[in-house]
Protein chains: 2
Amino acid sequence: MSFMKDISLLVKNNFLSGIDVLSRRAAQITVEIQQGERTNYNKVLDLSSGDLHRGGIKPITFVRQVLAACFYPALLEDDSLPLDVKQRAKILLSECDGGSIGSYTDSSGIAKIKLCVSQYITRRDGGVPSSPDNIFIKSGSQTALMIMLKLLIRSKDSCQTGVLIPVPTYASFTLALEEQGAAIIPYHLCEEQGWTLHVEELRKALLTGRKTCNPVALYICNPGNPTGHIQSRKSIEEVIRFAAEERLFILADEVYQSCVYGDDTEFYSYKKVLSEMGSTISSTVELASFNSVSKGFMGECGLRGGYVELVNLDPAVREYAQRLFSTRSCPPVIGQIALDLMADPPKPGDPSFPTFSEEAQSIKNMICKNTGRIQEVFSELPGISCQPLKAGFFVFPCLHFPPKAIKWAKKRQMEPDMLYCLHLLEETGLHVRPGCEYGQRKDSHHIRLFVATQQDIMEDALQRLKTFHMRFMKEFS
Amino acid sequence: MSFMKDISLLVKNNFLSGIDVLSRRAAQITVEIQQGERTNYNKVLDLSSGDLHRGGIKPITFVRQVLAACFYPALLEDDSLPLDVKQRAKILLSECDGGSIGSYTDSSGIAKIKLCVSQYITRRDGGVPSSPDNIFIKSGSQTALMIMLKLLIRSKDSCQTGVLIPVPTYASFTLALEEQGAAIIPYHLCEEQGWTLHVEELRKALLTGRKTCNPVALYICNPGNPTGHIQSRKSIEEVIRFAAEERLFILADEVYQSCVYGDDTEFYSYKKVLSEMGSTISSTVELASFNSVSKGFMGECGLRGGYVELVNLDPAVREYAQRLFSTRSCPPVIGQIALDLMADPPKPGDPSFPTFSEEAQSIKNMICKNTGRIQEVFSELPGISCQPLKAGFFVFPCLHFPPKAIKWAKKRQMEPDMLYCLHLLEETGLHVRPGCEYGQRKDSHHIRLFVATQQDIMEDALQRLKTFHMRFMKEFS
Ligand SMILES: Cc1ncc(COP(=O)(O)O)c(C=O)c1O
Ligand SMILES: Cc1ncc(COP(=O)(O)O)c(C=O)c1O
């Protein structure tokens, strides 16, 4: 290996034109491996996205059995499927026009499934009421979020609409904001304190933002991607109070709400906390909360099912929202059904319950073991520090590069962590994402690693990372 | 029955606020039936949308078997599934990350499926080359069309971007155009000549449009919704020549390409015709062609799978398109797989072929029989004239209302055909859509009927329509 070999030239043109060079290179390498042109490793290990099944984790049997029976109702006569699976599939099919998941549905989702989701939310929040009329199901939470942005961003104002977003934040959201013409107002999370959100930081960002745009919304990602943090109840209260004072619409991306690790950690939804803050606040702060079947232990990203719940919307805005949601085509029925199964999984006593709970628990255990191993390995490596992972699917360790490595990257006009990731991929086949894609404090560098994989895959990944990192640090020290 | 009973008051407020009163009323009536409050009929018959399965037509077995096996790979060991089904599911799963349809894919679709689609297009067009790089799969053709509009419509120009659209055209498209800030430039199809498209009409519309906006694109729906017409090769050539002269981008909505009836009717794609018009034209006219698994005899609307093929795009525009498509989340994997099955169905000799071709043929026969019956019934009814149905899923008969009926509607500040549809629904439970939603020549009135239903459903619908229509004409004559 030589870092002097100029991989940067290889990718530079693509890079400048905004093409995802890392993913493209990963695809090329996969082809090279297939054609026998690679001998140093036999597989690209992809820890680049938050995708359970790609990480080798098996789908939940109950979910797949119900979905298969919905597709092919002949299976309803099959003795090998559990009774509750067949009952559930029958009920769900009866909610579909013509008894088929091949029919269009209402553009914001099947009424009974919206009801089921609202009941889930009520249970989750210890009784805080939720109405199906405020639930809008779309083809993934990302799509629902895009529609909310469309609602909030006025393209015709002389002054751009501003949205406060955390640094770091996941890249595709930032791109989407830009595409919709929003002004991005970054606020920094405090890495040293486990990526906590300080209201002072929000206030500072807002003041700066007001100089150039019209800030209307505050985007929160809790639990955090890429940071793996989770907000305390107190922190959420502070943020809500701030939003109330400054009349900001809260966009609460809570897709990782069921991925919480560690015994002392609990997820509080923005809606629940809001509901307990006294009527002046609880009945006025406008909130949209997002959730998805992509995350959690179901990990069904490819089905595309997500929803937004709207809280306290001004009636005129709510009507406009309704219209925006209804001019778009309906969400995939399968994604809607997956939401139903997520919101109302098997209960103790149901035939599917033992397998279901065993599978869910084993995924949780696997992730916990992985995060333990990651911390262990990182603590042994020079030049890496990592905040503890409390929730979500990612860790975002800080890389303290030697000055020589920084210079080396500068000479190639690339971000050091991007160059690190490119070489890591090239030399070991491990695909992780560079911190520069998410935003980070000036002169700090990170990588983002997906943690929810099978253990052997994680072991393999850590081994590749370790070997590469040691050589890298040695070469540049 | 009395038409003097003021149903208009019942729905007026909703109507003015843009809510879909017909659909809402249909839903209410369904509840009334369930609660035993209706005795005149026992079911709402829904011919309001282009949805095969809602119309009682069974899904294609091959499609559902492959999809079920993809969901629940234990079925790959099941002896009751045909060999080609299992082989196909295995191949498709091997194209998914982690071997699961629950993984995210590339945002424009799985590479092998895009290849399969491009091969289908090449076969369809008798060898005209198609490249997977120009195929973008999305969550339905509607979503792909929205992204193309986003690409073409500049919201920041002082002059609005104009799009030429046919009158009549399906309502959700018009709404979407408005939402995206486009100026709508209507061109009329000639009903008397079977809804043909005259270039003179396009030219007239363009001239008018140029006075108030900047026309950039021409939307074509061929075969037509709601008109049931199909363009001849010559007509397509004329349109392409016009687009070339006027430098218009062609948006060819060809989702009904496989729904063609009558022996003397053939579908020509815009791409094929374009390719044969000499290099000055064939290499310059920019074209986007749309297709979907929702239509055709698969009728899998709820899966959400559609694609656009881009032809002759300016490289800079193409790159922007690529970016727009890639900032959105991936299409549902199941919808993508359905596209693969549509593009490459069972062939003679495959175990699934006999059942598959029998099912497909029987759906075609059913539609042909239905359209025959519709013409028969309409020809007997006073005050209805209907152009022959050549293709697609709808007929759009013209209703010649007596002056008294027009006056009655005017008094209620409603469109006569809307009031007709509301009463038809109220009195008989038959749900069809009024022509005013699609656009029609001043003082002409229509209804749109979905034709691709089971025969007994169609018979029932025609009976309801007939009874109602006779009474209506009598009351107002
Ligand atoms: C914070 C966050 N929100 C939303 C999404 C997208 O979820 P969906 O698949 O429901 O669109 C992701 C995907 O990684 C995410 O990390
Ligand atoms: C002409 C036309 N294009 C597109 C669509 C929508 O198709 P999809 O389900 O692929 O979004 C329809 C639906 O009825 C249609 O009639």
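Residues numbered from 1 in each chain as written. Chains lettered and ligands numbered in written order. Predicted model: local features only at pLDDT ≥ 70, side-chain atom pairs only at ≥ 80, totals over all residues. Heavy atoms only, no water.

Caption draft 1: Representation of the packing of aromatic side chains. Tallying each qualifying case throughout the model produces 39 aromatic pairs over all chains. Between Phe62(A) and Phe356(A), the ring centres sit 6.4 Å apart and the planes meet at 80°, which makes this aromatic pair edge-to-face. Of the two residues, Phe62(A) is situated in helix α3 (residues 61–71) and Phe356(A) in helix α14 (residues 353–380); the sequence distance between them amounts to 294 residues. When the centroid spacing of 4.9 Å and the interplanar angle of 55° are considered together, the rings of Phe472(B) and Phe476(B) count as tilted. Of the two residues, Phe472(B) and Phe476(B) both sit in helix α17 (residues 455–476), 4 residues apart, roughly one turn of that helix. An aromatic cluster is present here, built from Phe401(A), Trp408(A), Tyr420(A), Phe468(A), Phe472(A) and Phe476(A) joined pairwise through their rings. In this arrangement the basic side chain of Arg448(A) is found over the ring face of Phe394(A), its NZ or CZ atom lying 3.6 Å from the centre. Across the ring face of Tyr268(B), the terminal group of Arg233(B) is positioned such that the distance to the ring centre comes to 5.4 Å. (Phe/Tyr/Trp six-rings, centres within 6.5 Å; stacked < 30°, edge-to-face > 60°. Helix = DSSP H or I, 4+ residues; strand = E, 2+ residues; numbered from the N terminus. Lys NZ or Arg CZ within 6 Å of the ring centre and 35° of its normal.)

Caption draft 2: Broad picture of the site of ligand 1. As a matter of local geometry, ligand 1 sits amid 14 residues, with Asn225(A), Tyr256(A), Ser292(A), Ser294(A) and Tyr104(B) nearest to it. Among the chains of the assembly, those with residues near ligand 1 are chains A and B. Between ligand 1 and Asp253(A) there is a distance of 2.8 Å, counted from a nitrogen atom to a side-chain nitrogen or oxygen. If ligand 1 stood free it would expose 400 Å²; the protein chains cover 94% of that surface. Across the shell around ligand 1, the residue classes tally to 5 nonpolar, 6 polar and 3 charged. (Near = heavy atom within 4 Å. Polar contact = N/O pair within 3.5 Å; in protein donor to acceptor, adjacent residues only side chain to side chain. Areas by Shrake-Rupley, 256 points an atom, 1.4 Å probe, with all protein chains shown as cover. Nonpolar A, V, L, I, M, F, W, Y, C, P; charged D, E, K, R; others polar.)

Caption draft 3: Inspection of the pattern of salt bridges at higher detail. The tally for this structure, following the rule as stated, stands at 64 salt bridges over all chains. In this structure, Glu309(B) and Lys271(B) form a salt bridge, with 2.9 Å as the shortest nitrogen-oxygen distance. With Glu309(B) in strand β8 (residues 306–311) and Lys271(B) in helix α10 (residues 270–275), this residue pair connects regions lying 38 residues apart in the sequence. We classify Glu309(B) as buried; its relative accessible area is 2%. One continuous salt-bridge network, built from bridges that share partners, spans Glu200(A), Arg203(A), Arg210(A), Glu245(A) and Glu246(A). (Salt bridge = Lys/Arg side-chain N within 4 Å of Asp/Glu carboxyl O. Buried < 20%, exposed > 50% of the residue type's maximum accessible area, 1.4 Å probe, protein only.)

Caption draft 4: Spotlight on the relation of the copies chain B and chain A. With an RMSD of 0.0 Å, the fit of chain B onto chain A corresponds to turning through 180° and sliding 0.0 Å along the axis. Such a combination of rotation and displacement between the chain copies is what one expects of a two-fold axis. Scanning chain B for the C-alpha nearest the rotation axis identifies Ala68(B), at a separation of 2.2 Å. A shared interface surface links the copies, since 100% of the contact residues of chain B are contact residues in chain A too. (Least-squares fit on C-alpha atoms with pLDDT ≥ 70 in both. Contact = heavy atoms within 4.5 Å.)

Caption draft 5: Broad picture of the domain arrangement of chain A. All names here are of chain A. Along its sequence, chain A is organised into domain 1 (7–57 + 358–476) and domain 2 (104–343). Averaged C-alpha coordinates put domain 1 and domain 2 at centres separated by 28 Å. At the junction of the two partners, domain 1 supplies 27 residues and domain 2 supplies 33 residues. Summed over both partners, the interface of domain 1 with domain 2 comes to about 2400 Å²; 59% of that surface belongs to carbon and sulfur atoms. The tally of links between domain 1 and domain 2 comes to 0 salt bridges. Along the contact surface separating domain 1 from domain 2 lie 12 residue pairs in polar contact (both at pLDDT 80 or more). Counting residues per element, the ones that place at least two in the side of domain 1 that touches domain 2 are α14 and β10 (394–395). By residue number, the principal contributor to the side of domain 1 that touches domain 2 is α14, which donates 5 residues. The class makeup of the residues in the side of domain 1 that touches domain 2 is 14 nonpolar, 7 polar and 6 charged. (Domains from an automatic or database assignment. Buried area = accessible area lost by both parts, 1.4 Å probe.)

Caption draft 6: Structural view of the pairing of β8(B). All names here are of chain B. Across the 6 residues of β8, 6 count as buried, placing the element largely inside the fold. Alternating residues of β8 divide into Gly306, Val308 and Leu310 and Tyr307, Glu309 and Val311, and every residue in both groups is buried. Of the strand pairs in this sheet, strand β2 (residues 135–138) and β8 are connected by 4 bridges, and their pairing is antiparallel. If you follow Phe136 over to β8, its bridge partner there is Val308. Both strand β7 (residues 287–292) and β8 contribute to a ladder of 6 bridges, which runs antiparallel. (Pairing = 2+ DSSP bridges.)

Caption draft 7: Broad picture of the sheet that holds strand β10 (residues 394–395) of chain B. All names here are of chain B. Pairing in this open sheet of 3 strands is antiparallel, and the strands run β10-β14-β13 from one edge to the other. In the strand order of this sheet, the two ends are held by β10 and β13 (433–434), each with one partner. Here 2 bridges tie β13 to strand β14 (residues 447–450), and the two strands are oriented antiparallel to one another. By the bridge assignment, Arg433 is partnered in β14 with Arg448.

Caption draft 8: Molecular detail of the environment of Arg54(A). By secondary structure assignment, the location of Arg54(A) is in the loop between β1 (45–46) and α3. Sequence separation between Arg54(A) and Gln454(A) is 400 residues; the distance between their C-alpha atoms is 9.8 Å. Not counting residues within four places of it along the chain, the set of residues in contact with Arg54(A) comprises Asp46(A), Ser48(A), Ser49(A), Asp97(B), Gly98(B), Ser103(B) and Tyr104(B).

Caption draft 9: Quick peek at helix α17 (residues 455–476) of chain A. Residue and element names in this part refer to chain A. Look at α17: 31 Å from first C-alpha to last across 22 residues, which is about the 32 Å you get at 1.5 Å a residue. Along α17, the residues classified as buried are Ile457, Met458, Ala461, Leu462, Arg464, Leu465, Phe468, His469, Phe472, Met473 and Phe476. Along the axis of α17, the buried positions cluster into a sector of 165°, meaning they face one direction only. Relative to its buried face, α17 has exposed residues pointing more than 90 degrees away, namely Asp456 and Lys474. (Expected span 1.5 Å × (residues − 1). Arc of directions from axis to C-beta.)

Caption draft 10: Looking closely at the environment of Leu310(A). All names here are of chain A. Along the chain, the position of Leu310 falls in strand β8 (residues 306–311). You can call Leu310 buried: its relative accessible area is 3%. It is 26 Å that separates the C-alpha atoms of Leu310 and Thr265, two residues lying 45 residues apart in sequence. What Leu310 contacts, discounting residues up to four positions off in sequence, is Asn134, Phe136, Met148, Leu287, Ala288 and Ala321.

Caption draft 11: Spotlight on the interface of chain B and chain A. Each partner contributes to the interface: chain B provides 51 residues, whereas chain A provides 51 residues. When the two sides are added together, the surface that chain B and chain A hide from each other amounts to roughly 4000 Å², 53% of it contributed by carbon and sulfur. Counting the surface chain B buries against chain A, the share from its top three residues, Phe71(B), Tyr104(B) and Glu179(B), is 19%. Linking chain B with chain A are 6 salt bridges. A salt bridge links Lys150(A) to Glu179(B), with the shortest nitrogen-to-oxygen separation between them at 4.0 Å. Viewed at the interface, chain A and chain B are joined by 33 residue pairs in polar contact (both at pLDDT 80 or more). At the level of elements, α3 (61–71), α6 (141–152), α7 (171–179), α12 (315–327) and α13 (333–343) of chain B are the ones that each hand at least two residues to the side of chain B that touches chain A. No other element matches the 7 residues that α3(B) contributes to the side of chain B that touches chain A. The residue inventory of the side of chain B that touches chain A, partitioned by class, reads 19 nonpolar, 19 polar and 13 charged.

Caption draft 12: Molecular detail of the packing of helix α15 (residues 403–411) of chain B against α17(B). Residues and elements named next belong to chain B. Closest axis-to-axis distance for the α15/α17 pair is 7 Å, and the angle between their directions is 90°. Classified by the angle their axes make, α15 and α17 are roughly perpendicular. For the pair α15 and α17, contact is made by Lys404, Ala405 and Trp408 and by Phe472, Glu475 and Phe476, respectively. Of the residues in the contact of α15 with α17, the class split is 4 nonpolar, no polar and 2 charged. (Axes fitted to C-alpha atoms, helices over the stretch in contact; angles between N-to-C directions. Parallel < 35°, antiparallel > 145°, perpendicular 65-115°, else oblique.)

Caption draft 13: Examining the nonpolar core more closely. Residues Phe71(A), Ile101(A), Phe378(A), Phe393(A), Phe71(B), Ile101(B) and Phe393(B) are the most contacted members of the largest nonpolar core, which totals 194 residues. If near-sequence neighbours (up to four positions away) are discounted, Phe393(B) is found in contact with Gly50(B), Leu52(B), Tyr256(B), Cys259(B), Tyr261(B), Lys295(B), Gly296(B), Ile367(B), Leu449(B), Phe450(B), Val451(B) and Ala452(B). (Core = buried A, V, L, I, M, F, W, Y, C linked by side-chain atoms within 4.5 Å.)

Caption draft 14: Up close: the side chain of Arg433(B). Residues and elements named next belong to chain B. Within the secondary structure layout, Arg433 lies in strand β13. Residue classification places Arg433 among the buried residues on the basis of a relative accessible area of 7%. A distance of 3.0 Å separates a polar atom in the side chain of Arg433 from a polar atom in the side chain of Asp20. A polar atom in the side chain of Arg433 sits 3.0 Å from the side chain of His431.

Caption draft 15: Local environment of the sheet that holds β10(A). Residues and elements named next belong to chain A. Here 3 strands make up an open sheet; going across it, the order is β10-β14-β13 and the pairing antiparallel. Of all strands in the sheet, those with a lone pairing partner are β10 and β13 (433–434), marking the two edges. Bridge count between β10 and strand β14 (residues 447–450): 2 bridges; the pairing is antiparallel. Paired with Phe394 across the two strands is Phe450, which belongs to β14.

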